[in-house]
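Architecture and fold: a report
So you can see what is in the structure, the chains are spelled out below.
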Amino acid sequence: MRPRGRSVDLNFYAQLLLNGIVIGVIYALIAMGLSLIFGVLEIVNFAHGEFYMLGAMCAYFLTVNWGFGYWPAVLIVTAVAISLGCVLYEALLGSLRGESFERSILLTLGLSMVLQNGAVFLFTTTPKMMATGLSYSNIIVGELRLPLSRLYALGLGLAAFAALYLTLYRTRVGKAMRGVAQNRDAALMVGIDPRAVSRLAVAIGIGLSGLAGAALAPVYAVHPLMGFSFVFKAFAIIIIGGLGNVSGAAIAAVMLGILESLVGGFLPLVMVDALAFISMIAVLLLRPQGLFGRGVRV
Amino acid sequence: MFNMRLTVAAAAFVALAATGIAQAQTGSIIIGASTPLTGGVAHFGQHARWGAELAVAEANAKGGALGRKIEIDFQDNRCNPAEGVKSVTQMLSEKKYAAIFDGLCSSVALAIMPLIERAGVPFIVANASATSIAERSGVGGNKWTFKVNPTDASMLDALVGWLDKEGKAANIAFLGEDTDFGRAGSSGLEAALKKRNQKLVMVDFFQKGTADFTPVLTKIKARKPALLALYAIDADFQNTIRQWHGLGGGVPLTGRVLVDQVPKEIMASGFLDGTTSVQPYDPSVDTPANKTFVEAFTKKYNVAPMLISFESYETINILIDAIRRSGNASPAAIRDALATTKYRSILGTELEFDANNLVHNNAIIFAIKGGKVVIIGMSKT
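Conventions used here
Residues numbered from 1 in each chain as written. Chains lettered and ligands numbered in written order. Predicted model: local features only at pLDDT ≥ 70, side-chain atom pairs only at ≥ 80, totals over all residues. Pairing = 2+ DSSP bridges. Helix = DSSP H or I, 4+ residues; strand = E, 2+ residues; numbered from the N terminus. Axes fitted to C-alpha atoms, helices over the stretch in contact; angles between N-to-C directions. Expected span 1.5 Å × (residues − 1). Buried ≥ 20, exposed ≤ 12 C-beta atoms within 10 Å, placed from the backbone. Contact = placed C-beta atoms within 7 Å. Nonpolar A, V, L, I, M, F, W, Y, C, P; charged D, E, K, R; others polar. Core = buried A, V, L, I, M, F, W, Y, C linked by C-beta atoms within 7 Å. Domains from an automatic or database assignment. Parallel < 35°, antiparallel > 145°, perpendicular 65-115°, else oblique. Left-handed = near helix turned anticlockwise from the far one by under 90°.

The next point concerns the sheet that holds strand β3 (residues 97–101) of chain B. All names here are of chain B. On the basis of which strands lie adjacent, the open sheet formed by five strands has the order β2-β1-β3-β4-β5 and parallel pairing. Two strands lie at the open edges of the sheet, namely β2 (70–76) and β5 (145–147), each paired on one side alone. Pairs of neighbouring strands in the sheet enclose a mean axial angle of 25°, with direction left out of account. As paired elements, strand β4 (residues 123–125) and β5 share three bridges and run parallel to each other. Residue Phe-123 lies in a different strand from β5, and its bridge partner there is Thr-145.

So this is what it looks like as structure tokens:
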């Protein structure tokens, strides 16, 4: 199956590794928001993939129908997604707490169906291809190739991780968020407003999801069901990384992306799809708190 | 007194029954349809619905069938066999449908076939292409299933015959969706190549809805095949084509490539030059009936028809023709009428069902040359 010759072999492995890093960062963009929302609110957001899809749809219409450039579209979509996160929290999630776990699942599953079918009704199921100047441009180094759109998604993913990390560990707001995640009542006793912190966590989480959608609109076909394929993998990733641990989710996502790509270079593609869930089961059996879980969330 | 009451009740019952019978004979003839209206191939389901509804509207404008209006009820199957079985079971239990139309996905059509056989209702397949549907129909066992579109095996045999003549049938890799459609493509190609002492050098399948194909495409590129046979539709097709371009695949495609859906930037770049494809239809086929169909479809839905819309349009027309000839629109009479079909396709050929209840229309072989799609031949399937 592998090509002959040492230099060709090296190019083959390097291309698989490069693809894997990009896929991993794409997974991380989606999984970090999911992990943050779970960490602070103890809510599994089944509608997370739909916000990613809406972000991609918005980016598509902004660039193709309304003539915006790629970067302004990314900014607008992220800002809209953050606002949508605030609305989502105030309208739906604010009334839920950790003890309403079943209600939160039903609520977010229902929201997911409404958003997905609403998108089918409004935008039809026709796959849309965002064709900007960068859609068909490639960076070529020797035998290695990386589409420019993937390079941008990689950059946005790394920037989002850095910004989120700095927010969580270098700001008072981040400290408050970690405080609420660790002990909501104790945080309240020391003067932190859990409601405001939770609202911010949902806004950032949905904002990251919207950003992922905008970043990936030039990479993948945009259609109402595009969130589905990523969201279940994102669930596996946040369990592997340690539930509620944002950094753990990001690292697990990149590890999974590389693993999938390397294995996909040798085994049938259908087996690659099972890797995330096999890894999740193995982690649950051997280290139930996750690879990077320390019993402390966010 | 008692006798009088009994007489009145009996008269009322007879009157009600007579009204019911009269309604059954004068009400609409209803066709049941199960197709993906949501899910990964809902875009194709939408075109299947449009094509079928256009045929029904045209028939009703000409007086319907047997003096009655024709209606078609669509239910969603999400391209999922379980959903297909559920929707058709429900339709069959209502006992008001003269025939069942399609399923669109091969896996769904295959799951529906035993149900309609037990219920004794004709099932007419427009889009599902798996060869096994025809193999199990007519003399193959299921007398109630009729398939209008060509099988994968027959189309691929036509394509591979052409490739072989051009000396291009060697070193072909295969990538297809892990469904009956993709599996039929793989086995159809294997069979057609085997007849010419060739075989597929690599076979891989993917789950429908996969977004990232870079691992498998990198593997295929490194294997350096002469052609890549691609069996993907809808968003999967768009993602594969874009990622193949991004990786600089450098290998033309073949198989059932949806040449009309290749992004125009990729097409114009010449990246896919040398690609060959076989399909049962293309809107550019130059016959008066096809031109009329394309015009009517585009006017009604603001988009040009595609393969799926054509197949549904033609299949419903064949079904309506059989209903008109059946005399009473009963399922058994429609089945017998379908078996004796002689119908002129809008592509210009005369269609009839063979012993496997399969129609043999022409397949069109396409090539991409200089960044443009050209028809290079038509071949009987």
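With that settled, consider helix α7 (residues 180–194) of chain B. Residue and element names in this part refer to chain B. The end-to-end C-alpha distance of α7, which contains 15 residues, comes to 20 Å, matching closely the 21 Å that a straight helix rising 1.5 Å per residue would cover. Burial analysis of α7 places eleven of its 15 residues in the buried class, which makes it a mostly covered element. Among the residues of α7, those classed as buried are Asp-180, Phe-181, Gly-182, Arg-183, Ala-184, Gly-185, Ser-186, Gly-188, Leu-189, Ala-192 and Leu-193. Looking at the buried side of α7, the elements it contacts are α4 (106–119), α5 (131–135), α6 (152–165), β6 (172–177), β7 (200–206) and β8 (227–231).

Much of the literature gives interface size as the accessible area that the parts lose upon coming together. Contact residues are listed per partner, giving 33 residues for chain B and 36 residues for chain A. Secondary-structure elements contributing two or more residues to the side of chain B that touches chain A are α2 (42–61), β7, α8 (214–223), α9 (234–246) and α10 (264–269) of chain B. Counting residues per element, the side of chain B that touches chain A draws most heavily on α8(B), at seven residues. Grouping the constituent residues of the side of chain B that touches chain A by class yields eleven nonpolar, 15 polar and seven charged.

Attention now goes to the nonpolar core. One finds Ala99(B), Phe101(B) and Leu319(B) to be the most contacted residues of the largest nonpolar core, which totals 117 residues. The residues contacting Phe101(B), other than those within four sequence positions of it, are Ile31(B), Gly32(B), Ala33(B), Ala52(B), Ile72(B), Ile124(B), Ala126(B), Ile316(B) and Leu319(B).

Let's shift gears to the environment of Gly207(A). All names here are of chain A. Mapped onto the secondary structure, Gly-207 falls in helix α8 (residues 194–216). The exposure class assigned to Gly-207 is buried, which follows from the 26 C-beta atoms found within 10 Å. The spacing of Gly-207 and Val-197 is ten residues in sequence and 15 Å in space, taken between C-alpha atoms.

This part is about the domain arrangement of chain B. All names here are of chain B. One can read the domain layout of chain B as domain 1 (11–150 + 286–348) and domain 2 (153–279 + 364–380). Distance between the C-alpha centres of domain 1 and domain 2: 30 Å. Taken residue by residue, the interface counts 14 residues in domain 1 and 15 residues in domain 2. Broken down by secondary-structure element, the contributors of at least two residues to the side of domain 1 that touches domain 2 are α2 and α4. Broken down by element, the residue count for the side of domain 1 that touches domain 2 peaks at three residues, all from α4.

Moving on to the packing of helix α10 (residues 246–264) of chain A against helix α11 (residues 269–286) of chain A. All names here are of chain A. Two numbers describe how α10 lies on α11: the axes approach to 9 Å, and their chain directions differ by 150°. Between α10 and α11, the crossing angle belongs to the class labelled roughly antiparallel. In the packing of α10 onto α11, the handedness of the crossing is right-handed. On α11, the residues that touch Leu-256, Leu-259, Glu-260, Val-263 and Gly-264 of α10 are Leu-269, Val-272, Leu-275, Ala-276 and Ser-279. Here the residues of the contact of α10 with α11 are counted per class, giving seven nonpolar, two polar and one charged.

Adjacent strands of a sheet form backbone hydrogen bonds with each other and so pair up, either parallel or antiparallel. Residues and elements named next belong to chain B. An order of β7-β6-β8-β9 is seen for the four strands of this open sheet, with the pairing classed as parallel. Only two strands of the sheet have a single partner each, and these edge strands are β7 and β9 (253–254). One ladder, built from six bridges, connects β6 with β7; its direction is parallel. By the bridge assignment for β7, Ile-172 is matched with Leu-200. This element, α7, spans β6, β7 and β8 of the sheet and lies at about 160° to β6.

Let us now look at the packing of α4(B) against α7(B). Residue and element names in this part refer to chain B. As a packed pair, α4 and α7 sit with axes 7 Å apart at the nearest point and diverge in direction by 100°. One way to sum up the angle between α4 and α7 is to call them roughly perpendicular. Of the residues in α7, those touching α4 at Ser-106, Ser-107 and Leu-110 are Asp-180, Phe-181 and Ala-184. Here the residues of the contact of α4 with α7 are counted per class, giving three nonpolar, two polar and one charged.

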